[in-house]
Amino acid sequence: MFHQKKAKFTCAYLSESSAELPNPGRGWYQVYSFDVREKIDEGELKWCLDVREHLALVTIDIGCCRDRDLTDEELLNVRRIFDFFASHGKQMIVRTVYDREGKGPEREPEKFSLVLQHIWRLGPLFAKYAAYILTLQGLLVGSWGEMHDSRYLSDEKLCELAGTMWEATGGSCCLAVRRPVQRRILCASPNGRTWRIGLFDDGLFASASHLGTFAEGEYGARNAVDAQGCLINARPWPDEKELDYLDRECARVPNGGEAPGSGGAADGFSQKEILDTMRRMHLTYLNRVYSEKVISGWKQMNYSGEDAAYQEGSLYDYIGQHLGYRFVIKEVSAVPNREAGAAWEPRRFFSSFGKKNTKSEALTMTVTIRGRNVGFGNLYSPAHLTLIARGSDGSEVRKRLESNPREWDAGKDFCVTVEWAGLTVADTDGLSWREELFLRLKQEDGEVIWFANRNAKNLLPVGTVFGWKPLK
């Protein structure tokens, strides 16, 4: 007779990998700029794509429309651009601008109503391609579309721009603003708390304030508080306060940017400060090529932090590996539990040496999966975790687990537990039946997410169960 105590689990060797993972919705990006009047040359453009990247910052210049509406042909050109990147497996960070030369006030429409009209025209197109858009950067106005040097950024107009974009897209796309104070202003508006708003910091490490992302100097710090010393939401805060705010409020929206400064100790930023800032900002995406000086400096710096798996790499490698989410499975356990009142059911097995009678016992296996999101950011797309058992005879049983990977927060542990019904059985030769267990994490669009474990690819082997076979 085959007893419950004979069913046992052996965990696989689970160690963290330092490999760069081909996971969607995160990582390095490069910029691709287009004039809305021009039809793209797909044959030429495809040679510019970097196969290492899942992301692309797509800049759509509509400066030609400063005194008129977008034409149908221009909207068709935007659709062709989106079709191209979608067909080549790129998720887009979309920035629509009136200016690409730092001359925002000169190139914006004279009438604010025309800006809103452009948003209404573009919004349905953004919604149509929402599955391929990570975030919408900016709200059209400002030099380079970076939401500064514009006559349309009063608190009232800022809220109207964001509200119009949210409504025009049906709330299907994340928005991103240039400064945390702009996000606070929007969240304080009616319905603003329901909008998904992140940050694009295009002044990373260029100065103590990240080029005005945070409060500037001693005067800015004093101006951030009222007479009682309380922070004023509608004013920029000092860097530490803003980073606390981003850490607390922006963990589940995409945040990114670029580093135009030297980004090193010469500007007062140590490696520890750089990584601490990225973690607290929950950085998901970063410009791979700008500035060249910053990127080169990071490549020349050896990683000197506490994460043992990454000691052989550079700071650049470590940053790239930790942009966005990065899931590591730390431990898997499986404990057999006989079902209360379960009946004994006879089963007959045959071997090459003749007949052999055995009995099988109904048994549940409590499987516990413990892991950690070691990345700077989170997963923002719906995904599901599946536990797969492959038997000695090649059979396969899959069980979708009740867990939401979007809630596996950056820098925190997660735990998933499942009760799986099965039978204790012997194989045809009298040896313990063997089931190999695997984990698969997959987005709803079908794209697989790799775990940051050694030996992980589309599947992660997590252990072996002997003497137990799951029920289909």
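What counts, and where the lines are drawn
- Residues numbered from 1 in each chain as written.
- Predicted model: local features only at pLDDT ≥ 70, side-chain atom pairs only at ≥ 80, totals over all residues.
- Heavy atoms only, no water.
- Helix = DSSP H or I, 4+ residues; strand = E, 2+ residues; numbered from the N terminus.
- Buried < 20%, exposed > 50% of the residue type's maximum accessible area, 1.4 Å probe, protein only.
- Contact = heavy atoms within 4.5 Å.
- Lys, Arg positive; Asp, Glu negative; His and termini not counted.
- Charge placed at Lys NZ, Arg CZ, Asp CG, Glu CD.
- Salt bridge = Lys/Arg side-chain N within 4 Å of Asp/Glu carboxyl O.
- Core = buried A, V, L, I, M, F, W, Y, C linked by side-chain atoms within 4.5 Å.
- Axes fitted to C-alpha atoms, helices over the stretch in contact; angles between N-to-C directions.
- Parallel < 35°, antiparallel > 145°, perpendicular 65-115°, else oblique.
- Nonpolar A, V, L, I, M, F, W, Y, C, P; charged D, E, K, R; others polar.
- pLDDT = per-residue confidence, 0-100.
- Polar contact = N/O pair within 3.5 Å; in protein donor to acceptor, adjacent residues only side chain to side chain.
- Pairing = 2+ DSSP bridges.
- Left-handed = near helix turned anticlockwise from the far one by under 90°.

**Let's talk about the overall build of the protein chain**
Okay, step 1: Scanning the protein chain from terminus to terminus reveals 11 helices and 20 strands.
Okay, step 2: Across the 472 residues that make up the protein chain, the buried fraction comes to 55%.
Okay, step 3: Pairs at least 24 apart in sequence give 78% of the contacts found in the protein chain among residues at least 6 apart.
Okay, step 4: Where the 62 positive side-chain charges of the protein chain centre and where its 65 negative ones centre are 8 Å apart.

**Observations concerning the pattern of salt bridges**
Okay, step 1: A full pass over the atoms with the stated rule returns 31 salt bridges.
Okay, step 2: Among the salt bridges present, the one from Glu146 reaches Arg178, with a minimum N-O distance of 4.0 Å. Of this pair, Glu146 sits in the loop between strand E6 (133–137) and helix H5 (155–168) while Arg178 sits in the loop between strand E7 (175–177) and helix H6 (180–187), and the two are 32 residues apart along the sequence.
Okay, step 3: Given the relative accessible area of 11%, Glu146 is considered buried.
Okay, step 4: Taken together, the salt bridges that share partners define one network made up of Arg95, Glu146, Arg178, Asp201 and Asp202.

**Focus on the nonpolar core**
Okay, step 1: Grouped together as the largest cluster of nonpolar side chains are 63 residues, with contacts concentrated most on Phe34, Phe82, Phe85 and Phe126.
Okay, step 2: Beyond its immediate chain neighbours, meaning those up to four positions away, Phe34 contacts Ile40, Leu45, Val58, Thr59, Ile60, Asp61, Ile81, Phe85 and Arg100.
Okay, step 3: Residues Ala224, Leu243, Val253 and Phe376 belong to the second largest nonpolar core, which totals 35 residues.

**Looking at the packing of helix H8 (residues 239–249) against helix H9 (residues 271–281)**
Okay, step 1: Between H8 and H9, whose axes approach to 7 Å, the crossing angle comes to 45 degrees. On the basis of the axis angle, H8 is oblique to H9. Residue-level inspection shows Glu240, Leu243, Asp244, Leu246 and Asp247 of H8 in contact with H9, the latter providing Thr277, Arg280 and Met281.
Okay, step 2: Within the contact of H8 with H9, the residues separate by chemical class into 3 nonpolar, 1 polar and 4 charged.

**Focus: the confidence of the model for the protein chain**
Okay, step 1: Of the residues in the protein chain, 92% reach a pLDDT of 70 or more, and the chain-wide mean stands at 91.
Okay, step 2: Taken as a whole, residues 340–358 scores under 50 in pLDDT and shows 30 contacts with residues more than four places along the chain or in a different chain.

**Observations concerning H9**
Okay, step 1: Of all the residues in H9, the buried ones are Gln271, Ile274, Leu275, Thr277, Met278, Arg280 and Met281.
Okay, step 2: Check the buried side of H9 and you find it contacts strand E8 (197–201), H8, strand E9 (255–257), strand E10 (283–287), helix H10 (292–300) and helix H11 (315–322).
Okay, step 3: Looking one or two places after H9, you find His282, whose phi comes out positive at around 55 degrees.

**Considerations on unusual backbone geometry**
Okay, step 1: With an omega of 0 degrees, the peptide bond running from Tyr290 to Ser291 counts as cis.
Okay, step 2: Relative to the assigned elements, Ser291 resides in the loop between E10 and H10.
Okay, step 3: A positive phi angle is found at His210, which is not glycine, with a value near 55 degrees.
Okay, step 4: Mapped onto the fold, His210 is located in the loop between E8 and helix H7 (217–223).
Okay, step 5: Relative accessible area serves as the criterion here: at 2%, His210 is assigned to the buried category.
Okay, step 6: In the Ramachandran plot, Asn455 falls in the positive-phi region, its phi being about 70 degrees despite a non-glycine side chain.
Okay, step 7: For Asn455, the location among the structural elements is in the loop between strand E18 (448–449) and strand E19 (460–466).
Okay, step 8: For Asn455, a relative accessible area of 62% gives the class exposed.

**Considerations on the side chain of Thr366**
Okay, step 1: With respect to the helices and strands, Thr366 occurs in strand E13 (residues 354–373).
Okay, step 2: At 2.7 Å, the side chain of Thr366 and the side chain of Asn337 are in polar contact.
Okay, step 3: Among all residues touching Thr366, those that are not within four sequence positions of it are Ser333, Ala334, Val335, Asn337, Thr417, Val418 and Glu419.

**Considering the environment of Asp239**
Okay, step 1: Take Asp239: it is sitting in helix H8.
Okay, step 2: Residue classification places Asp239 among the partly exposed residues on the basis of a relative accessible area of 33%.
Okay, step 3: Between the C-alpha atom of Asp239 and that of Thr277, which follows or precedes it by 38 residues, the distance is 9.5 Å.
Okay, step 4: Dropping the residues within four chain positions of it, Asp239 is found in contact with Ala208 and Phe214.

**Some words on the sheet that holds E6**
Okay, step 1: Strand order in this open sheet of 9 strands is E2-E10-E9-E8-E7-E6-E5-E4-E3, and the pairing throughout is parallel. Single-partner strands in this sheet number two, and they are strand E2 (27–29) and strand E3 (31–35). Strand-to-strand twist of the sheet, defined as the mean angle between neighbouring strand axes without regard to direction, takes the value 25 degrees.
Okay, step 2: Bridging between E7 and E8 involves 3 bridges; their strand directions are parallel. Each bridged residue has a counterpart across the sheet, and for Ala176 the counterpart in E8 is Gly198.
Okay, step 3: Contacting E3, strand E4 (55–61) and strand E5 (91–97), helix H2 (residues 72–87) crosses the sheet at an angle of about 170 degrees to E4.
Okay, step 4: Of the strands in this sheet, E7 and E8 are in contact with H6, which crosses E8 at around 165 degrees.

**Examining the packing of H6 against H8**
A packed helix pair is summarised by two numbers, namely the angle formed by the two axes and the spacing between the axes.
Okay, step 1: For the pair H6 and H8, the least separation of the axes is 11 Å and the interaxial angle reads 50 degrees. As far as their axial angle goes, H8 and H6 are oblique. Judged by the sense of rotation from one axis to the other, the crossing of H6 with H8 is left-handed. Facing H6, whose interface residues are Pro180, Val181, Arg183 and Arg184, H8 presents Glu242, Tyr245, Leu246 and Glu249.

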